[in-house]
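Residue-level listing of the chains:
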Amino acid sequence: MSKTLHIKTFGCQMNVYDSKKIEDMLGALGYTSTPELTADVVLLNTCHIREKAEDKLFSDLGRFHLLKKERQNNGQDMVIVVAGCSAQALGAHILKRAPYVDMVVGPQTYYHLPQMLAMLQRRKDEQVEGENKPFKGVLETGFPKISKFDQLPQTSLTGPVSAFLSIQEGCDKFCTYCVVPYTRGAEYSRDVESIIQEARILLEKGVKEITLLGQNVNAYHGKNANGHVVGLSFLLQRLAELPDLKRLRYTTSHPRDMTDDLIQAHGQIDILMPFLHLPVQSGSDKILAHMNRQHTTEFYLEKINALKNARPEIAFSSDFIVGYPGETQEDFQKTCDLVEKVQFAQAYSFMYSPRPGTPAAIQDQIPGEVKAERLQILQALLRQHQLAFNRSMEGKVLPILLEKKGQRPGQILGRSPFMQSVYLSQGALGQEINVQITSGFLNSLKGEVVDHV
Ligand code: SAH
Ligand code: SF4
Ligand code: F3S
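For every chain, the first residue of its written sequence is number 1, and the numbers climb from 1 along that sequence. Chain A is the first chain written and ligand 1 is the first ligand written, with later ones labelled in order. This being a predicted model, a pLDDT of at least 70 is required before a residue's local features are given, and a value of 80 or more before pairs of side-chain atoms are given or counted; all residues contribute to the totals for chains, interfaces and linings. Each side-chain value is derived from all of the structure's non-hydrogen atoms; neither hydrogens nor water enter the calculation.

Colleague: Can you walk me through the side chain of Gln168 in this structure?
Modeller: Along the chain, Gln168 falls in strand β8 (residues 168–169). Counting of polar contacts relies on pairs of N or O atoms within 3.5 Å, with two restrictions inside protein: one atom must be capable of donating a hydrogen and the other of accepting it, and residues adjacent in sequence are counted only when both atoms are side-chain atoms. Separated by 3.1 Å, the side chain of Gln168 and the backbone nitrogen of Gln215 make a polar contact. There is a polar contact of 3.0 Å between the side chain of Gln168 and the backbone nitrogen of Asn216. Runs of H or I in DSSP of at least four residues are treated as helices and runs of E of at least two as strands, each being numbered from the N terminus.

Okay, here's the thing in structure tokens:
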């Protein structure tokens, strides 16, 4: 009998990738995915990056608890699984605070889910048999020696037009504000051949665009077929040789790992899209040093210039943190100055959120109102540049890849090489069509189809 599975995904693209793998893995055991909130298994794939993300987990869990009780009143069960980075960081604490949670599994061990579900069933059966044992949730948050990638399913039933492919995980950088090195563990790169193999399977399913993922994707150093360690530029060259692949991207990069060969690859590989997410976090060298970012603003600007030399049309996006401990008004102004210099096409910005266990959390904190005010100022500036960038497309003809159905009937969402959204009403998914841009808005472009490529 088919069972149902509902997955809710928070956080970054790596979680989106993991959720898809979980869906494929449990799909093979007979679980069908459902958008319904009540299901045989409900899995929350969590993010721990800021405090808000953690609060959201517990408020969501409260709601799922009610749904679980409702189902139990009807004689059915609902297994609640907490996976992802909060699962890794909080572990047994989740089972204590929310005892109705059945399983907690970290990002490196979720390939154990089938065995964990079987173990859970055994524990529940024992309870029914009246042994009066208190129920104990199943917990799995180790960092195993073997790579999870060797354990995950390779096949997938459906391919979207644009797919993620994780090639690197974990982080050894230890920025002082960040939980990722603790939740995802040490840096690990997959072998070139296993990545090529996964890319081939995606392409067979109709995928046209692949985004390579890693917390520090440009620190990639995997083994090639001869056992030699190679960098990201080598891998990009190999992937670009695959027939039918139309677009290639990678995210998230660290400025430190933006090596010359990788910068040159942007000039050499046509299908490598001219849009790069390169987080800088702050424009103040003092704050960058305190954050342990291991780069200065000058170093960052040099990388930006070198990339522009290699690929003149390249556009950038970034991440910013405002209100890091010790950030003065002057430091903040330097961030705004850097933003003015680079003119980012798009960006994410956040108020610093102290995370337990990270070094910056125990330093003197900036008041919430100051952080909020700085964020508002920065976001207004970033929005201005984003709008200007989108408007600069007016009159140009851009190739638009038709990625997925829009919300309205007959509407298709396409993307420009710079990740801008364009809504169209003709063409088929997976097609690339030339569109003459007539207007640029803050979050999308509008245009008329010129021809089919
Ligand atoms: N590996 C990537 C992304 C890490 S998390 C990188 O190095 O850039 C994504 C973004 O969340 C970070 O770039 C940072 O801007 C933000 N972030 C991380 N920890 C944070 C914290 N404690 N408070 C606020 N923002 C944070
Ligand atoms: Fe976090 Fe820094 Fe690692 Fe990025 S590089 S994941 S911000 S510790
Ligand atoms: Fe969040 Fe973990 Fe990604 S903390 S941002 S889901 S690596």
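Colleague: Can you walk me through the site of ligand 2 in this structure?
Modeller: By convention in this text, a residue qualifies as near a molecule or strand provided that one of its non-hydrogen atoms is within 4 Å of it. Around ligand 2 lies a shell formed by Cys171, Lys173, Phe174, Cys175, Tyr177, Cys178, Val180, Pro181, Asn216, His254 and Arg293. Looking at side-chain class alone, the shell around ligand 2 contains seven nonpolar, two polar and two charged residues. Under the convention adopted here, Pro, Cys and the residues Ala, Val, Leu, Ile, Met, Phe, Trp and Tyr are nonpolar, Asp, Glu, Lys and Arg are charged, and Gly plus all remaining residues are polar.

Colleague: Please clarify how unusual backbone geometry should be interpreted in this entry.
Modeller: A negative phi angle characterises most non-glycine residues, just as the trans form characterises most peptide bonds. The omega angle of the peptide bond from Thr251 to Thr252 is 5 degrees, so this bond is cis rather than trans. Following the sequence through the fold, Thr252 ends up in the loop between β13 (247–251) and α9 (260–268). A positive phi angle, near 75 degrees, is found at Gln281, a position not held by glycine. Within the secondary structure layout, Gln281 lies in the loop between β14 (275–277) and α10 (285–290). In this model, Asn292 sits at a positive phi of 60 degrees, which is unusual for a non-glycine residue. With a relative accessible area of 29%, Asn292 lands in the partly exposed category. Each residue's exposure class comes from its accessible area (1.4 Å probe, protein chains only) as a fraction of the maximum for that residue type: buried when under 20%, exposed when over 50%, partly exposed otherwise.

Colleague: Explain the pattern of salt bridges to me, please; I cannot follow it from the model alone.
Modeller: Pairing between side chains of opposite charge can happen when the charged atoms of each approach one another. A carboxyl oxygen of Asp or Glu within 4 Å of a side-chain nitrogen of Lys or Arg is what we treat as a salt bridge. For the structure shown, the criterion picks out 23 salt bridges. Between Asp102 and Lys124 there is a salt bridge, with the nearest N and O atoms lying 2.8 Å from each other. In this pair, Asp102 sits in the loop between α4 (92–97) and β5 (103–105) while Lys124 sits in helix α5 (residues 113–131), placing the two residues 22 residues apart along the sequence. Across the pair, exposure class does not vary: Asp102 and Lys124 are buried alike. The partner of Glu432 in a salt bridge is Arg247, and the shortest N-O contact between them spans 3.2 Å. In this pair, Glu432 sits in strand β20 (residues 432–440) while Arg247 sits in strand β13, placing the two residues 185 residues apart along the sequence. Classification of Glu432 as buried rests on a relative accessible area of 14%.

Colleague: Would you explain the site of ligand 1 in this entry?
Modeller: If you check the shell around ligand 1, you find 15 residues, and the closest are Tyr177, Gln215, Gln281, Asp319 and Ser353. Between ligand 1 and Gln215 there is a distance of 2.6 Å, counted from a nitrogen atom to a backbone nitrogen or oxygen. One of the side-chain N or O atoms of Asp319 is found 2.6 Å from an oxygen atom in ligand 1. Expressed as a share of its isolated accessible area of 530 Å², the protein-covered part of ligand 1 is 89%. Elements with a minimum of two residues in the shell around ligand 1: β15 (315–322) and β16 (346–351). Class assignment of the residues belonging to the shell around ligand 1 gives a composition of seven nonpolar, four polar and four charged. Using a 1.4 Å probe, accessible areas were evaluated by the Shrake-Rupley method; residue-level cover was limited to the displayed protein chains.

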